[in-house]
Amino acid sequence: ALRALAERARQASDKGDHREAVRLIERATGLHDAPEHRRVETELRAKKKAWEEENFARLSGEARALLGQRKWEDAHTTYRNAFEYKQDEQAGRECGFAEAMAAGEGSARRGDHGAAELHFRKALAVGVDPSHAQERLNAVRVRTVMITIVKVEVSPLKKNEQAWDGSLKSSVVGDLLK
């Protein structure tokens, strides 16, 4: 049984299934603690670590490319997949940025500019791409606007059949409300 588990572990490792290989060798070492098995276990653990590093590097590279293309949701999902293999501080910040930008864009599409502003502020605070986050924040920021009406011309005519004209004064507003 021990040799069969070791052989299955080698086969799994050769196929790139390092998680399964380590699981099998751990089971085998539980049956027998021979030095050969410890060596195989160490070798398989090293292969598994290299495989995890390789997959993390590939996925985080894809996620960075998606960030550059401003495909926020795809970048966020790809980073989450990369974290199955390894945790990384910089990739974590980039993932948080992508998540905030995706949420901000979604809120902006729905017309919820207040929520979009909060999400873009969060993305700006992460500091991954502050110029783009600031640009999007500026685009959705709710601003107070003051409008001064200088002249109003209304058709049809007033009740007295006179045209509406002249500057807007309180008497005109009063006439409009009659």
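Scroll up to find the structure.
Here we summarise the structure given alongside this text.

**Thoughts on helix α6 (residues 113-126)**
Here comes step 1: Across its 14 residues, α6 extends 20 Å between first and last C-alpha, which sits within 8% of the 20 Å expected from 1.5 Å per residue.
Here comes step 2: Taken together, the buried residues of α6 touch α5 (89-109) and α7 (130-140).
Here comes step 3: Looking one or two residues beyond α6, the residue adopting positive phi is Gly 127, at roughly 85 degrees.

**Describing the pattern of salt bridges**
Here comes step 1: Within this structure, the stated rule accounts for 9 salt bridges.
Here comes step 2: Linking Glu 62 and Arg 58 is a salt bridge whose minimum nitrogen-to-oxygen distance equals 3.3 Å. Within this pair, Glu 62 and its partner Arg 58 are both found in helix α3 (residues 35-68), separated by 4 residues, close to a single helical turn.
Here comes step 3: Classification of Arg 58 as partly exposed rests on a relative accessible area of 42%.

**A word on the nonpolar core**
Here comes step 1: Membership of the largest hydrophobic core comes to 25 residues, with the highest contact counts inside it found for Leu 67, Tyr 79, Phe 97 and Met 101.
Here comes step 2: Within the residue set of this core, elements represented by two or more residues are α3, α4 (72-82), α5, α6 and α7.
Here comes step 3: With 8 residues, the top contributor of residues to this core is α5.
Here comes step 4: When residues no more than four places from it in sequence are discounted, the contact partners of Tyr 79 are Ser 60, Ala 63, Arg 64, Leu 67, Ala 91, Glu 94 and Cys 95.

**Re the packing of α5 against α7**
Each pair of packed helices gets described by two things: the angle between the helix axes and the distance between those axes.
Here comes step 1: Contact geometry of α5 with α7 gives a least axis separation of 11 Å together with a crossing angle of 20 degrees. Judged by the inter-axis angle, α5 sits roughly parallel to α7. Viewed along their axes, α5 and α7 form a crossing whose handedness is left-handed. Contacts between α5 and α7 involve Phe 97, Met 101, Glu 105 and Ala 108 on the former and, on the latter, His 132, Ala 133, Arg 136 and Val 140.
Here comes step 2: Looking at the contact of α5 with α7, its residues break down into 5 nonpolar, 1 polar and 2 charged.

**Examining the side chain of Ser 60**
Here comes step 1: Tracing the chain through its elements places Ser 60 in helix α3.
Here comes step 2: Judged by its relative accessible area of 3%, Ser 60 is buried.

**Some points on the packing of α4 against α5**
Here comes step 1: In the contact formed by α4 and α5, the axes pass within 8 Å of each other and the chain directions differ by 145 degrees. The hand of the α4/α5 crossing is left-handed. Taking contact as the criterion, the partners of Trp 72, Glu 73, Ala 75, His 76, Tyr 79 and Arg 80 in α4 are, on α5, Ala 91, Glu 94, Cys 95, Phe 97, Ala 98, Glu 99, Met 101, Ala 102, Glu 105 and Arg 109.
Here comes step 2: Here the contact of α4 with α5 is built from residues that sort into 9 nonpolar, 1 polar and 6 charged.

**Brief notes about unusual backbone geometry**
Here comes step 1: With a phi angle near 60 degrees, Arg 70 is a residue other than glycine that sits in the positive phi range.
Here comes step 2: Of note, Arg 70 is situated in the loop between α3 and α4.
Here comes step 3: Judged by relative accessible area, which is 41%, Arg 70 ranks as partly exposed.

**Some words on the side chain of Glu 52**
Here comes step 1: Secondary-structure assignment places Glu 52 in helix α3.
Here comes step 2: When its relative accessible area of 16% is taken as the criterion, Glu 52 is described as buried.
Here comes step 3: Leaving out residues up to four positions away in the same chain, Glu 52 has contacts with Arg 19 and Tyr 85.

**A closer look at α7**
Here comes step 1: Looking only at α7, the buried set comprises His 132, Ala 133, Arg 136, Leu 137 and Val 140. Seen end-on, α7 carries its buried residues on one side only, within an arc spanning 135 degrees. Opposite its buried face, α7 presents the exposed residues Ser 131, Glu 135 and Ala 139, each directed more than 90 degrees away.

The rules behind the values
- Residues numbered from 1 in each chain as written.
- Predicted model: local features only at pLDDT ≥ 70, side-chain atom pairs only at ≥ 80, totals over all residues.
- Heavy atoms only, no water.
- Helix = DSSP H or I, 4+ residues; strand = E, 2+ residues; numbered from the N terminus.
- Expected span 1.5 Å × (residues − 1).
- Contact = heavy atoms within 4.5 Å.
- Salt bridge = Lys/Arg side-chain N within 4 Å of Asp/Glu carboxyl O.
- Buried < 20%, exposed > 50% of the residue type's maximum accessible area, 1.4 Å probe, protein only.
- Core = buried A, V, L, I, M, F, W, Y, C linked by side-chain atoms within 4.5 Å.
- Axes fitted to C-alpha atoms, helices over the stretch in contact; angles between N-to-C directions.
- Parallel < 35°, antiparallel > 145°, perpendicular 65-115°, else oblique.
- Left-handed = near helix turned anticlockwise from the far one by under 90°.
- Nonpolar A, V, L, I, M, F, W, Y, C, P; charged D, E, K, R; others polar.
- Arc of directions from axis to C-beta.

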